[in-house]
Amino acid sequence: MIVLKFGGTSVLDADRIKHVATILKSYHAKKIKIAAVFSAFGGVTDQLIEASRMAAANDQHAFITLKEIEKRHIDAVKKLLNKNLLDKTLAHVNLSLKELTDMIHGVFLVRELSDRSLDFIASFGERLSAYIISQYLKEQRINVDFTDTRDLIKTDKHFGSAHVDFTKTNVNLKKYFRDLKSTAIVTGFIGSSKEGETTTLGRGGSDYTAAIIGAALDAKEIHIWTDVDGVLTADPRKVKKAFPLLHLTYEEAMEMSHFGAKVIHPPTIQPALAKGIPLRIKNTFNPDYDGTLITQKSKGQEFMIKGISSIDKISLLTMMGSGMIGVAGISARLFGALAKNKISAILITQGSSEHSISFAVVPADAEHAQHAIREEFSLEMKAKLINEIKVEKNLSIIAIIGENMKHVPGISGRLFGALGKNGINVVATAQGSSELNISVVINDQNLSKALNAIHESFFLSGTKTLNIFMVGVGLIGKTLIEQINKQAAYLKQNKALELNFIGVANSKKMFFNENGIARKNISQQLEYAKQTMSMKSFVKEMCALNLPNSVFVDNTANADVASFYNEILESSISVVTPNKVANSGTYAQYLKLKNSAAKRNVKFLYETNVGAGLPVITTLNDLMTSGDKILKIEAVLSGTLSFIFNNYKHPKKFSDIVKEAQEKGYTEPDPRTDLSGLDVMRKLLILARECGIGLESNDITIQKLLPPECMKPKTIPDFYIALQKADTHFEKMRDAAEQKGNMLRFIASLDGTKASISLQEVNQSHPFYNLSGSDNIISFTTERYKERPLVIKGPGAGAEVTAAGVFAEIIGISNYLS
């Protein structure tokens, strides 16, 4: 025999009941003998309890709730049954509903609700659902009998969560099913005392009913039919990539059910475990899927752990004090005080110093527990041997579970690494010697983020996901998106990396999609977005989503955007940017950003600040990390100015070359930003700071390139008119250099702590002489590279190379997270 149990979601309404009937028929078609246990229609038990409590409070709304319950059941009968059984079934249902109404009315009149009365009222959900379903199955010509478990399952009088008398119950069940020739349609959740009083087995009691019957009859398997494909690796409401497990042991299932796996109720497993009866968790809405099989021994292990469970909203109490060290009986008194007050500790942890004991309780018990401990240890607290009991609220517990953990080193390291790399602090931790479970307590606002980070680390270690928030979809931003689109398939297939855009913004609009934004038409989506862009709002929404592996990408040159970097880093979100404003502000601000990134264990990457796609900062950091000393840096750091002076040859005019550079996209919208040397100054300042030299912008000497008259015009066209007038000025410098066989180069220099920028002539022996296009070149003279400086040369401007540099750093973050 196989015992089946169908939960409330499986029998929510008439349509779902019809679907369940097809499942029962499939068992019959295979000639499998079954008994089917049914819960109340979805949500009815909660409604019955609510109506009871409202009635006890003399609230007339109790009868409105009763009417809703009545309508649901009458409607179901009318949709399920034809004339043959309709009248008989309606008569039975109406009689039961009248009995229920009378009971609620009695509670309303006396304004008192005993546990015994509540059990009787709550029993109507299962009694009604199982009866209606049995009548429908009869009409479908399935040989069934309605079975009221109050006649079979005998309990004590612990109303609300009665204890089963297995001796009497097993005798009753064996006799009943031995004589039964049909399929039993069984009421879950309920039993009765020896006096015949209705009792309930506690929430999740319908699962328990199935296990009790299965164990009594030595069933081949017990199938729990629910609304998911089995026991999942994590809560799918919080972890979108959770997937069903094929196999669990009883112990693993017990651990997962204790820590929040909703598809199993903990007591369910006990009778099955005692008899070694396999449990199978199946999906009513996907009946062909095998589901999760729960047995005594574990089968082949594919993952380090089996699942991740969590308990939302707990409070952590800590008792500490010098009077606890080496004193026998402290723990016994503490937990004895809790037991005396019927308070259950969910998690317990104690340091080896014996100086403190921490334990978790549900928030409703926190104040009560604190009072109980104060009372028990009042003398020690008066003597200052034990401190005031510390209560921390708004916490959650996450547990990773699996029998295979004990055989694999590094489990804890991976767990804490996943949390640490996402800026999630662990408040407390506990692990049993069996190594079946490692539990951590964290702030509840980080629960979803933590679950996803851990899930990816253990179950999706072959695939990493970065959640990207990007501001700036201009030339660099669009190019970056195009590059990601072209490379996405390769990254997924060969690098197991997915780049998921969650939030994007331009100067006017912004929008977010937690499940991911389609990359192919981001600009168009922004055009139709409803949210007005505000950097403050963007950061607030990004931080509120609190997603794991988050990366903020700033493709702008905007100072307002850069001003939020520290807040972003402090929220444990990595930053990748070509925007030089932040690093070229005050030295104190530069250090603050670096320190925030280090403190929060996230990345602040800005390789493209200096050489677009060239590995300038990386090389510099590698040199210094390996112990080399930087003596001097000389560089052409502006791709724009490099292009201008590489192409400024007789008979071309300087103003024409500048315009050509702008048309090719090498300059800022206002070319004076480049020609002023401000951009080069920022890059040199960043290089100096990366060398550990705390320069400020006014410490750098800049030889002005443009005559004063060119800086005065308010519009770009007027600037070009002024620049044309200055063509003669630039021709004189060019001609003078050419007569000597030299070239003009705008060179930044850092010599010790002295920093300067100027237009210089270089001869043919100089490494900067043969520059072409928009190339940048950086020469590092160091202790190791003293005779022949280390030179980096390549394209220093353009959306393609800058975007490629940003792209490379994003991918680099994924390597850090692996």
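Look a little higher up for the structure.
Predicted, not measured: the structure shown is a model, and the values here were computed from it.

Enquirer: Give a detailed account of the overall build of the protein chain, specifying residues and quantitative values.
Expert: Looking only at helices and strands, one finds 31 helices and 30 strands in the protein chain. A compact globule built from 818 residues would reach a C-alpha radius of gyration of about 28 Å, whereas the protein chain, at 36 Å, exceeds it by more than 25%. Summarising its shape, the C-alpha atoms of the protein chain cover approximately 115 × 75 × 55 Å along the three principal directions. Residue pairs at least 24 apart in sequence account for 72% of intrachain contacts in the protein chain once pairs closer than 6 positions are excluded. The positive charge centre, built from 98 side chains, and the negative charge centre, built from 85, are 2 Å apart in the protein chain.

Enquirer: I'd like a description of the packing of helix α5 (residues 115-122) against helix α6 (residues 124-139), backed by residues and values.
Expert: Close contact between α5 and α6 brings their axes to 5 Å; oriented N to C, the two are set at 15°. Regarding the angle of α5 to α6, the classification is roughly parallel. The residues of α6 that touch α5, namely those facing F120, I121 and A122, are F124, G125, E126 and R127. Considering only residue class, the contact of α5 with α6 consists of four nonpolar, one polar and two charged.

Enquirer: A description of the pattern of salt bridges should follow, citing residues and the corresponding values.
Expert: Taken as a whole and judged by the stated rule, the model has 36 salt bridges. The salt bridge involving E70 is made with K67; its shortest N-O contact spans 3.9 Å. Taken together, the residues E70 and K67, both in helix α3 (residues 61-80) and three residues apart, mark about one turn of the helix. Under the relative-accessibility criterion, K67 is labelled exposed at 57%. In this structure, D679 and K683 form a salt bridge, with 3.4 Å as the shortest nitrogen-oxygen distance. Residue D679 and its partner K683 are located together in helix α27 (residues 678-690), separated by four residues, close to a single helical turn. Residue classification places D679 among the buried residues on the basis of a relative accessible area of 9%.

Enquirer: Quick rundown of helix α16 (residues 475-494)? Include the residues and the values.
Expert: Here α16 spans 28 Å end to end across 20 residues, near enough to the 28 Å set by a 1.5 Å rise per residue. The largest bend along α16 measures about 50° and falls at Q487. Taken residue by residue, α16 has G477, T479, L480, I481, Q483, I484 and L491 as its buried positions. Looking one or two places after α16, you find A496, whose phi comes out positive at around 55°.

Enquirer: Go over the side chain of E456, please, and point to the residues and values.
Expert: With respect to the secondary-structure elements, E456 resides in helix α15 (residues 447-459). Lacking a salt bridge, the buried E456 has K241 as its closest oppositely charged neighbour, with an N-O distance of 5.2 Å. A polar contact of 2.8 Å, which involves the side chain of E456, links it to the side chain of N549.

Enquirer: Got a sec to walk through the sheet that holds strand β3 (residues 144-147)? Specific residues and values, please.
Expert: Strand pairing in a sheet takes place through backbone hydrogen bonds and is either antiparallel or parallel in direction. Reading across the sheet, the eight strands line up as β3-β5-β2-β1-β8-β10-β11-β9 and stay open at both edges, with mixed pairing between neighbours. At either margin of the open sheet sits one strand with a lone partner, and together these are β3 and β9 (247-249). Recorded for the sheet is a direction-independent mean angle of 20° between the axes of neighbouring strands. Across five bridges, the pairing between strand β1 (residues 2-6) and strand β2 (residues 34-38) is parallel. Residue pairing in the sheet places V3 in a bridge with A35 of β2. Lying over the sheet, α6 contacts β2, β3 and β5 (183-187), oriented at roughly 155° with respect to β5. With respect to the sheet, helix α7 (residues 166-179) is in contact with β2, β3 and β5, its orientation differing from that of β3 by roughly 160°.

Enquirer: Describe in detail the nonpolar core, supporting the description with residues and values.
Expert: If you look at soluble globular proteins, the nonpolar side chains tend to sit buried side by side. In this structure, M535, F538 and F552 are the most contacted members of the largest nonpolar core, which totals 81 residues. In this structure F538 touches F469, M470, V471, G503, V504, A505, M510, F512, M533 and F552, once residues within four positions along its chain are discounted. In terms of nonpolar packing, the next biggest core, distinct from the first, is built from 53 residues, I17, M54, I74 and I142 among them.

Enquirer: Summarise the side chain of D775; cite the residues concerned and give the values.
Expert: Note on placement: D775 falls in strand β29 (residues 775-782). Despite its burial, D775 remains without a salt bridge, the nearest opposite charge being carried by K793 at 4.6 Å. If we ignore the near neighbours within four places in the chain, the residues touching D775 are V636, S642, K793, G794, P795 and G796.

Enquirer: Let's hear about the pairing of strand β28 (residues 754-762): which residues, and what values?
Expert: Moving residue by residue along a regular strand, the side chains alternate between the two faces of the sheet. Pairing of strand β26 (residues 700-702) with β28, which is carried by three bridges, proceeds in the parallel orientation. Bridging across to β28, T701 finds its partner in S756. Judged from the nine bridges that link them, strand β27 (residues 743-751) and β28 form a sheet pairing that is antiparallel. Across the sheet, the residue bridging to I747 is S758, located in β28. Here β27 folds back onto β28, and the loop between the two strands holds two residues, one of which, G752, carries a positive phi near 70°.

Enquirer: An account of the pairing of β2 is needed here, citing residue identities and associated values.
Expert: With five of five residues buried, β2 lies mostly within the body of the structure. Following the chain from β1 across helix α1 (residues 14-29) to the adjacent parallel β2, one finds a crossover that is right-handed.

Enquirer: If you had to explain the packing of aromatic side chains to someone new, which residues and values would you point to?
Expert: For the structure shown, the criterion picks out 21 aromatic pairs. On the basis of an interplanar angle of 80° and a centroid distance of 6.5 Å, the ring pair of Y27 and W225 is categorised as edge-to-face. Of this pair, Y27 sits in helix α1 while W225 sits in strand β8 (residues 221-226), and the two are 198 residues apart along the sequence. In terms of burial, Y27 and W225 fall into one category: buried. Between the aromatic rings of F538 and F552, the centroid separation amounts to 6.2 Å while the plane-to-plane angle is 65°, which identifies the pairing as edge-to-face. Highlighted residues: F538 in helix α18 (residues 535-545) and F552 in strand β22 (residues 550-554), separated in sequence by 14 residues. For F538, a relative accessible area of 0% puts it in the buried group.

Enquirer: An account of the environment of F243 is requested, with residue identities and associated values reported.
Expert: Within the element layout of this structure, F243 appears in the loop between β8 and β9. The exposure class of F243 is partly exposed, given its relative accessible area of 22%. Sequence separation between F243 and V231 is twelve residues; the distance between their C-alpha atoms is 8.3 Å. Those residues in contact with F243, other than ones at most four positions away along the chain, are V231, L232, T233, F303, H455 and F459.

Enquirer: I'd like to hear about the sheet that holds β28, residue by residue, with values.
Expert: The sheet built from six strands is open, its strands ordered β26-β28-β27-β25-β29-β30 with mixed pairing. A single partner strand is all that each edge strand has here, and the edge strands are β26 and β30 (790-795). Taking the axes of each pair of neighbouring strands and ignoring which way they run, one obtains an average angle of 20° across the sheet. Against the sheet, helix α23 (residues 616-625) touches β25 (630-636), β29 and β30, its axis set at about 10° to β29. Relative to the sheet, α27 contacts β25, β26, β27, β28 and β29, its axis offset from that of β27 by approximately 35°.

Enquirer: Report on unusual backbone geometry, specifying residues and quantitative values.
Expert: In the segment running from H650 into P651, the intervening peptide bond is cis, with an omega of 10°. With phi around 55°, R111 is a residue other than glycine that occupies positive phi space. Considering the arrangement of structural elements, one finds R111 in the loop between α4 (83-110) and α5. Even without being a glycine, N394 presents a positive backbone phi close to 55°. Note on N394: relative accessible area 47%, which makes it partly exposed.

Calculation notes
- Residues numbered from 1 in each chain as written.
- Predicted model: local features only at pLDDT ≥ 70, side-chain atom pairs only at ≥ 80, totals over all residues.
- Heavy atoms only, no water.
- Helix = DSSP H or I, 4+ residues; strand = E, 2+ residues; numbered from the N terminus.
- Rg over C-alpha atoms; globule rule 2.2 N^0.38 Å.
- Contact = heavy atoms within 4.5 Å.
- Lys, Arg positive; Asp, Glu negative; His and termini not counted.
- Charge placed at Lys NZ, Arg CZ, Asp CG, Glu CD.
- Axes fitted to C-alpha atoms, helices over the stretch in contact; angles between N-to-C directions.
- Parallel < 35°, antiparallel > 145°, perpendicular 65-115°, else oblique.
- Nonpolar A, V, L, I, M, F, W, Y, C, P; charged D, E, K, R; others polar.
- Salt bridge = Lys/Arg side-chain N within 4 Å of Asp/Glu carboxyl O.
- Buried < 20%, exposed > 50% of the residue type's maximum accessible area, 1.4 Å probe, protein only.
- Expected span 1.5 Å × (residues − 1).
- Bend = angle between axes of the 7 residues up to and from the residue.
- Polar contact = N/O pair within 3.5 Å; in protein donor to acceptor, adjacent residues only side chain to side chain.
- Pairing = 2+ DSSP bridges.
- Core = buried A, V, L, I, M, F, W, Y, C linked by side-chain atoms within 4.5 Å.
- Right-handed = clockwise from strand over helix to strand, strands pointing away.
- Phe/Tyr/Trp six-rings, centres within 6.5 Å; stacked < 30°, edge-to-face > 60°.

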